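Chain by chain, the residues:
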Amino acid sequence: MEPNANTDFDLIFLDPKTVTLFRTGGSAVRATIADPRIGYERTYLICQIARAFPLSLQDQYIGLRDAKDKDIGMLETLKGLDESSRAIVDEELERRYFVPTIRKVTKVKKEYDTVNFEVETDKGERKFSVQNLKDSIQEVGGGRILLTDRTGSRYNIPDVMKLDEKTFAILSRVL
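Residues numbered from 1 in each chain as written. Predicted model: local features only at pLDDT ≥ 70, side-chain atom pairs only at ≥ 80, totals over all residues. Heavy atoms only, no water.

A.B. asks: How do you make sense of the sheet that holds strand β12 (residues 144-148) when you look at a structure like this?
C.D. replies: Strands belonging to one sheet form pairs held by backbone hydrogen bonds; the direction of such a pair is parallel or antiparallel. An order of β11-β12-β13 is seen for the 3 strands of this open sheet, with the pairing classed as antiparallel. Bordering the open sheet on either side are β11 (137-141) and β13 (154-157), each of which pairs with just one other strand. Each strand of the sheet is rotated relative to its neighbour by a mean of 20°, with strand direction disregarded. As defined by bridge partners, β11 adjoins β12 across 4 bridges and the pair is classed as antiparallel. By the bridge assignment for β12, Gln138 is matched with Leu146. (Pairing = 2+ DSSP bridges. Helix = DSSP H or I, 4+ residues; strand = E, 2+ residues; numbered from the N terminus. Axes fitted to C-alpha atoms, helices over the stretch in contact; angles between N-to-C directions.)

A.B. asks: I keep staring at unusual backbone geometry and nothing clicks. Help me out?
C.D. replies: The phi angle of most residues is negative, glycine excepted, and most peptide bonds adopt the trans form. The phi dihedral of Tyr61 is positive, around 55°, even though this residue is not glycine. The topology assignment puts Tyr61 in strand β6 (residues 60-65). In this model, Asn132 sits at a positive phi of 45°, which is unusual for a non-glycine residue. Here Asn132 shows up in the loop between β10 (124-131) and α2 (133-136). Residue class for Asn132 comes out partly exposed when judged on its relative accessible area of 42%. (Buried < 20%, exposed > 50% of the residue type's maximum accessible area, 1.4 Å probe, protein only.)

Quick look at the structure:
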């Protein structure tokens with residue numbers, strides 16, 4: 001540990017080679033970290049995994065937090081994690097950031113301030129409604145947008161320019 005390091009406030013970048021993740025009984029994730037800055041080999045019974053930049057850097061800056069939502073440390077990259085730990089990180093991130101990608105819009109209908117979509121996604125067919133379209137669209141860059149429906153579920157459109165003409169016309173009014 002650095003002489004003046006304050007682990008309550010300092011962000012610790014973890015070496016992936018020092019991090020081992022396990023599943024306990026159910027779906028909880030346990031972490032053992034062999035880093036002298038947080039204790040030579042410390043185990044966290046519950047470890048939460050989240051992206052610091054979920055929209056732009058999906059495999060970088062992965063944060064680990066304990067059961068009290070306190071930072072354990074940050075993985076700048078996932079390279080160097082053992083295969084089993086990497087699989088757990090991928091599963092947890094997939095679960096946390098479940099966002100179907102829209103492959104095709106099969107029907108879109110606008111009624112007052114609601115737009116009803118029927119789409120084909122990489123997770124199957126979906127029907128959802130979006131209210132206040134302007135507030136429900138987030139431009140990510142490079143033509144990519146995220147739609148948030150009335151229930152808070154998000155949908156990814158990787159390239160808005162590849163949508164059919166009618167859908168593009170409706171979305172372009174607010175983009």
